[in-house]
Amino acid sequence: MSRDPLGDRSLLTARGPRAPRASRVLTRPHLSRPSGSAGWLRLDLGLLIGALGLSLLGVVLVWSATRASAGGSAALRQLVALGVGVAGAAVLTRVDVRSIRAAAPVVYVVAVLGLAAVVSPLGVTVNGSRSWLRLPGGFSLQPSELMKVGLAIGLAMLLADRAERGLRQRHLDVVLAWVVAGIPVLLVLLQPDLGSALVLVAMSVVVIAAAGAPAVWTVGVLVAGAGAVAAAFLTPVLSGYQRNRLRAFLDPSLDPQGIGYQTRQVRLAIGSGGLDGQGLFAGRQTQGGFIPFQETDFVFSVAGEELGFLGAAGLVVILGFVVVRCLLVARRADAFGRLVAVGVGVWFGVQAFENIGMNLGLMPVTGLPLPFVSSGGSSLIASWLALGLVGNVAAGARR
């Protein structure tokens, strides 16, 4: 029996027809999808490196600020929260964006219920603000931080449909969006937590405007916001502690033993750092325990005193890089992803500006943490979950 001259390459063999090799390759869909680890690395690597660098620096700064009073326990809790946050972000990057969009109402409602629980007898008051829920095992949860994630995807889900078609938002759509945003803002003000309320309002203003809302709404909200800030000084909406913070910003001598003392000590610490700092774990104000709540509200002063102007400026540059990367991701995304990334970018940017500003005496002390850096599990986990959402958007924009 003579051998077929085409040998193994023949499409007709003794066992019947065989599909071409190229056809067989194309029928293996798993080759077009990256593995879990590769998928994570295919995301915006700059965002990942920047946020991880900030978080690890934050652990070191928290350790420096608390090692005399709490040993390494505060830094250890920060590391645990970092692990939880990174794991959550990795999971979110692998979830189909359609599932995230479908789950947005559920996430929003759960976050609102958390805020409602805070203002109920279940809430715990710390420093004049009822912002925490006690959890088993000695842990606590600050629902206002998770509400930022819920609002980012909630508004995006609500407004993406018309934005995808290039249509301007109807007035009814804008009203509904502001109702969705207004509910958590009011609940946060009842705590009262002016800082978180300002972040939620800033996110809402920019996301709704970016979705194509008529300009009259943006102008009207900004005017109303200015009136609300003025009313905070004149009405009992804020607690006495919160009003004292705002007044001490204008005149630190009004509260020389309280907020005025804190702001003076913080500025003294930052100013004494000079160009290259006094050295890690060697800052006189930090190691002497002269600044209350330094690991949370005033962690930037640790960087200013111990790492100096160069270290503090580097911290600001990395924060700015993360914010800019979020906005660049938004430019390449579809409507839903664009609104999510814009909301997260505004969240990080406004919160960083307020926290650093109050450390420098340029903004009133509102208790907002520095994203990825300040001590606080709720803030760190929420920031990483938001980063996971942006990573998901970035991966989708590349496909």
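Everything discussed here concerns the structure shown above.
What counts and how
- Residues numbered from 1 in each chain as written.
- Predicted model: local features only at pLDDT ≥ 70, side-chain atom pairs only at ≥ 80, totals over all residues.
- Heavy atoms only, no water.
- Helix = DSSP H or I, 4+ residues; strand = E, 2+ residues; numbered from the N terminus.
- Buried < 20%, exposed > 50% of the residue type's maximum accessible area, 1.4 Å probe, protein only.
- Contact = heavy atoms within 4.5 Å.
- Areas by Shrake-Rupley, 256 points an atom, 1.4 Å probe, with all protein chains shown as cover.
- 1 Å grid on protein atoms, 1.4 Å probe; cavity = no way out; pocket = protein on both sides within 12 Å on 5 of 7 lines; lining within 4 Å.
- Points joined across faces, edges and corners; volume = space filled by probe spheres on them.
- Nonpolar A, V, L, I, M, F, W, Y, C, P; charged D, E, K, R; others polar.
- Expected span 1.5 Å × (residues − 1).
- Bend = angle between axes of the 7 residues up to and from the residue.
- Pairing = 2+ DSSP bridges.
- Axes fitted to C-alpha atoms, helices over the stretch in contact; angles between N-to-C directions.

Assigned secondary structure in the chain consists of 16 helices and five strands. A buried classification covers 45% of the 399 residues belonging to the chain. The contacts of the chain with a sequence gap of at least 6 include a subset with a gap of at least 24, amounting to 69%. Within the structure as shown, the chain displays about 18900 Å² of accessible surface, and the carbon and sulfur contribution to it stands at 68%.

This part takes up the layout of surface pockets. Computed from the structure, the largest pocket encloses a volume of approximately 1400 Å³. Along the walls of the largest pocket sit 50 residues, with Trp132, Ser140, Thr296, Ser375 and Gly376 positioned nearest its centre. When residues of the lining of the largest pocket are traced back to their parent elements, those giving at least two are helix H3 (45-70), helix H4 (73-94), strand E4 (129-134), strand E5 (140-141), helix H10 (240-250), helix H12 (284-287) and helix H16 (377-398). Considering each element in turn, the lining of the largest pocket owes the most residues, six residues, to H4. Of the residues belonging to the lining of the largest pocket, the class tally is 20 nonpolar, 23 polar and seven charged.

All right, on to helix H8 (residues 194-210) then. For an α-helix, 3.6 residues make a turn, and residues three or four places apart therefore share a direction. If you check H8, its first and last C-alpha atoms are 24 Å apart, about what 17 residues at 1.5 Å a residue would give, namely 24 Å. Residues of H8 that are buried: Leu194, Gly195, Ser196, Ala197, Val199, Leu200, Ala202, Met203, Ser204, Val205, Val207 and Ile208. Two residues or fewer past H8, Gly212 is found with a positive phi of approximately 100°.

Attention shifts here to H3. Compared with the 38 Å implied by 1.5 Å per residue over 26 residues, the 35 Å span of H3 between its first and last C-alpha is a close match. Of all the bends in H3, the greatest measures close to 40° and is centred on Ser64. Backbone geometry just downstream of H3 places Gly71 in the positive-phi region, at approximately 65°.

A few words now on empty space enclosed by the protein. Per the stated rule, a full pass over the model turns up two cavities of 30 Å³ or more. Empty space within the second largest cavity amounts to approximately 40 Å³. Around the second largest cavity, the lining residues are Val97, Ile100, Ile153, Phe336, Val340, Leu389, Asn392 and Val393. Elements represented by at least two residues in the lining of the second largest cavity include exactly helix H5 (97-118), helix H15 (335-359) and H16. Per-element accounting of the lining of the second largest cavity gives the leading share, three residues, to H16. Within the lining of the second largest cavity, the residues separate by chemical class into seven nonpolar, one polar and no charged.

Pairing is antiparallel in the open sheet, where three strands are placed in the order E3-E4-E5. The open sheet is flanked by strand E3 (123-126) and E5, the only strands paired with a single partner. Examined bridge by bridge, E3 and E4 share four bridges and lie antiparallel to one another. When the bridges of E4 are listed, Val126 appears paired with Ser129. Relative to the sheet, H5 contacts E3 and E4, its axis offset from that of E4 by approximately 110°.

Everything listed here is a matter of geometry and, on its own, says nothing about what the molecule does.
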